[in-house]
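# Structure at a glance
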Amino acid sequence: MDRRHFLKMSTASAVAIAASAMDVPGQGGLFRAAQAGPMPPGNGTGSMGATEVTSVCEMCFWRCPIVAKVRDGKVVKIEGNPKSPVNGTRVCARGNSGVQLLYDPDRIKYPLKRVGARGEGKWARISWDEALGEIAHNMKKVKEKYGPHALAYFDHGASAENMREIFQAMGTENFTSEPAFYQCVGPAALAYLQTVGYITTGTRQFNDMGNSKAMLFVASHVGENVHVSHVHEFITGLAKGSELVVVDPRFSVAANKAKIHLAIRPGTDTALMLAWINYVIEKGLYNKEFVANKCEGFDALKKAVKGYSMEWAARICDLKIDDMKAAIELLAKASPNVNIHPGRHSTWYGKGDVGRHQTYAILTALFGAVGVPGGIYFPTAVKTGHSEGIEESLKKVAPAKVSLKNDSGYPFSSVFGTVTADIIKAINTGKPYPIKLLGVNGVNIIQTIPNPYETMKAINNLDFIFCQEMMAGETAIWSDIVLPDAVYLERYDGVYAYEGLTPYLTVRQPVVPAMYECQPPYWIAAQLAKHLGIDGYHKSVEEAIDEELAGAGTSIAKLNKEGGIVTYPGNPYRDAKTLNVGTESGKIQLAVEAFADEDLDAVPKFEPTPVPPTGFARLLYGRSPVHTFSRTMNNLWLHNEIPENKLWLNDQVAKRLGISMDEEVVLENQDGKRSNPIKVLVTPGIRPDAVYMAHGFGSKSPHLSRAYGKGAADGFLITETVADPFIGATSKRTNFVRIVKGGKVLDIPELIPVPAELPKYVLKNA
Ligand code: SF4
């Protein structure tokens with residue numbers, strides 16, 4: 001087997017291992033079932049006579065184990081499962097507010113059929129049989145006319161794989177977990193996989209912050225990006241004395257806790273990382289024994305980074321050399337118990353995104369922080385059984401003759417599913433073949449895929465689109481058929497095996513019966529399978545889950561008696577002498593030859609991304625701590641906490657423009673696209689060359705009565721994207737805005753000089 005083939009194979013197996021954590025499409029289902037079963041009896045009676053039922057939260061993808069308290073048939077409270085080794089009794093604001101998702105009067109209650117134009121949001125109520133019959137009819141018709149690959153599927157979330165398998169069984173290769181991969185962790189996943197041999201950023205992140213002596217965060221918004229156990233580990237590390245370095249153009253929550261905050265020029269993070277790597281090598285601050293015995297490519301790395309001096313980086317990054325040196329020396333002093341955190345959302349600038357994450361993995365390896373307390377740790381697999389489903393139907397699927405997935409032009413994309421942007425492009429151009437039908441499940445693609453104007457154009461080019469949702473966001477109002485999904489508190493989903501420091505096994509189960517005419521995803525998939533003549537749904541959901549649990553020596557009934565969770569001993573650390581990672585040679589790759597084989601850089605280079613054109617600032621976006629993007633904007637309790645986003649604007653810039661705190665403005669991007677009105681937060685906590693807003697606000701769906709029109713949607717200002725050349729993930733920080741106040745366009749002054757090496761973005765009409 002040649003090396004390239006080996007690497008593709010090993011990538012595929014590593015992805016398979018991480019599949020449950022990452023929702024990577026095409027890796028097989030957890031379970032399939034013919035119909036929803038009876039309610040579980042509950043785990044016992046708790047305080048004030050409430051029945052307590054253990055389950056798993058899905059207010060975000062982190063999936064914290066929970067206990068729901070049910071009284072008189074209604075969920076009255078949600079807490080963390082005290083037996084959970086990761087969150088204990090804790091849930092975040094969103095976890096607590098699952099009650100309000102369940103009882104939100106704006107929920108989609110019945111199957112709906114579009115009666116107005118796409119995007120108008122006018123529907124008629126129809127029966128399930130009619131809705132599924134129409135979907136099946138259109139799937140068959142499109143397949144017959146254009147071939148199986150004219151069907152495509154975007155999904156996100158725990159139960160999406162049920163419907164994903166239906167699309168696979170119809171013969172298409174075009175399904176992708178969006179936005180979890182190509183608009184989020186894709187570049188990070190590939191960089192770590194090729195450098196240290198495994199994916200450290202899936203649903204969970206294998207970062208041992210709680211035992212670290214120092215941590216580095218590069219624009220990672222932990223604290224605003226709230227995932228209960230992760231934030232807890234971060235805080236535990238800080239409480240135990242871990243020293244924090246934060247690199248961020250903005251004074252974020254994490255920066256607020258930092259010993260050193262480097263307010264870097266946006267787009268220059270890789271320059272800083274390469275200069276630090278060079279400094280660590282030149283000053284001999286790396287772990288020589290670890291590098292000599294466990295790493296390959298050191299000489300190539302040393303040679304490649306030699307030109308990146310601290311003086312050069314200070315100019316490029318607009319930082320002080322003394323601060324940069326103090327930060328890297330602080331991190332080096334803590335090695336090997338140092339946590340170089342990869343962040344989560346890694347699709348920033350397109351071209352350099354994989355390389356930037358390579359630099360984090362390289363610095364981790366230079367410090368020997370692999371498989372040691374405080375560094376990145378190894379997941380411990382939890383053994384479960386398998387429940388046979390529609391595998392026989394999947395075996396009959398013929399491979400594509402012209403493959404969008406395998407011949408994407410991005411050499412490392414194919415094992416992760418068809419590239420999101422390629423699917424949109426194929427819909428809009430008909431090349432390499434037409435895509436004419438789209439299924440969407442649990443993701444608001446108009447809000448999450450960059451350049452919503454292209455997405456809406458694509459929807460208009462489709463013969464048919466349907467979605468499966470709980471709340472009617474933008475994608476629902478553009479769909480031909482809308483299927484009402486059961487909320488996570490109303491359904492079984494499957495077995496969750498968590499591979500972290502203390503591994504555990506748990507199950508999502510219904511806490512109350514599904515309301516209205518909502519149905520769980522496996523029921524929907526099974527009924528659609530019947531309409532399509534796809535065989536394989538012969539079991540109840542409980543039977544399927546029990547078959548999987550049997551492999552771990554337990555069952556739903558047993559789990560319920562034992563508090564809903566079984567824990568196992570973890571094996572996160574390794575003896576450096578016997579460390580063997582999942583790369584071809586078993587050694588950490590400081591220079592990735594597989595990249596060089598594809599004419600990509602084995603060691604990352606700094607490739608500058610254009611700086612803002614005159615009169616504009618870079619648009620940065622992030623998360624609100626009480627929201628999961630557009631998904632939670634309509635939730636009563638969460639909306640009351642933070643109903644709208646604000647535009648962070650540097651105080652000096654605001655003064656020059658005559659803008660005061662809470663004044664309402666509109667943003668206009670480099671292509672002339674304008675936002676909803678947004679209030680301004682005047683602050684010294686952001687650089688003058690950037691503005692910032694939290695993502696997910698500014699809903700354009702009138703069916704979300706609380707969220708509609710509140711704040712501005714950053715996505716509608718993201719019209720310029722750059723694809724990363726490794727996997728085709730699309731950038732989201734390559735757009736620029738200026739301010740419109742009272743109808744007048746105000747140019748943002750350039751208060752910080754830009755070095756000549758950094759090119760300016762050229763306006764299309766310049
Ligand atoms: S982090 Fe919060 S929203 Fe996410 S799963 Fe945990 S409790 Fe639920």
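Residues numbered from 1 in each chain as written. Predicted model: local features only at pLDDT ≥ 70, side-chain atom pairs only at ≥ 80, totals over all residues. Heavy atoms only, no water.

All right, on to the domain arrangement of the chain then. For the chain, the domain assignment lists domain 1 (31-103 + 492-511 + 541-568), domain 2 (108-181 + 386-485 + 520-538), domain 3 (199-377 + 575-597) and domain 4 (617-746). Taking only C-alpha atoms into account, the centre of domain 3 sits 29 Å from that of domain 4. Counting residues at the interface gives 24 residues for domain 3 and 25 residues for domain 4. Taking both sides of the interface into account, the surface hidden between domain 3 and domain 4 amounts to around 2000 Å²; carbon and sulfur atoms contribute 61%. The three residues of domain 3 that bury the most area against domain 4 are Arg250, Pro266 and Tyr349, which together make up 25% of that side's buried surface. In this structure, the connection of domain 3 to domain 4 is made through nine residue pairs in polar contact (both at pLDDT 80 or more). Looking at the side of domain 3 that touches domain 4 residue by residue, the class counts come to 12 nonpolar, seven polar and five charged. (Domains from an automatic or database assignment. Contact = heavy atoms within 4.5 Å. Buried area = accessible area lost by both parts, 1.4 Å probe. Polar contact = N/O pair within 3.5 Å; in protein donor to acceptor, adjacent residues only side chain to side chain. Nonpolar A, V, L, I, M, F, W, Y, C, P; charged D, E, K, R; others polar.)

Spatial strand order, β17-β18-β19: three strands in an open sheet with antiparallel pairing. The open sheet has two edge strands with one neighbour each: β17 (494-498) and β19 (565-567). Going across the sheet, the axis of each strand differs from the next one's by a mean of 20°, ignoring polarity. Taken together, the three bridges between strand β18 (residues 504-508) and β19 define a ladder with antiparallel strand orientation. Considered in β19, the bridge of Leu505 is made with Val566. Docked against the sheet, helix α21 (residues 541-550) engages β17 and β18, running at close to 30° with respect to β17. (Pairing = 2+ DSSP bridges. Helix = DSSP H or I, 4+ residues; strand = E, 2+ residues; numbered from the N terminus. Axes fitted to C-alpha atoms, helices over the stretch in contact; angles between N-to-C directions.)

Another aspect to go through is the nonpolar core. Ranked by size, the top nonpolar core spans 72 residues in total, and within it Leu216, Trp276, Leu366, Phe367 and Leu590 carry the most contacts. Residue contributions to this core peak at 10 residues, all from helix α9 (residues 269-282). When residues of this core are assigned to domains, at least three map to each of domain 1 (31-103 + 492-511 + 541-568) and domain 3 (199-377 + 575-597). Residue contacts for Trp276: discarding those within four places in its chain leaves Leu216, Val245, Val247, Leu262, Met310, Met324, Ala327 and Ile328. (Core = buried A, V, L, I, M, F, W, Y, C linked by side-chain atoms within 4.5 Å. Buried < 20%, exposed > 50% of the residue type's maximum accessible area, 1.4 Å probe, protein only.)

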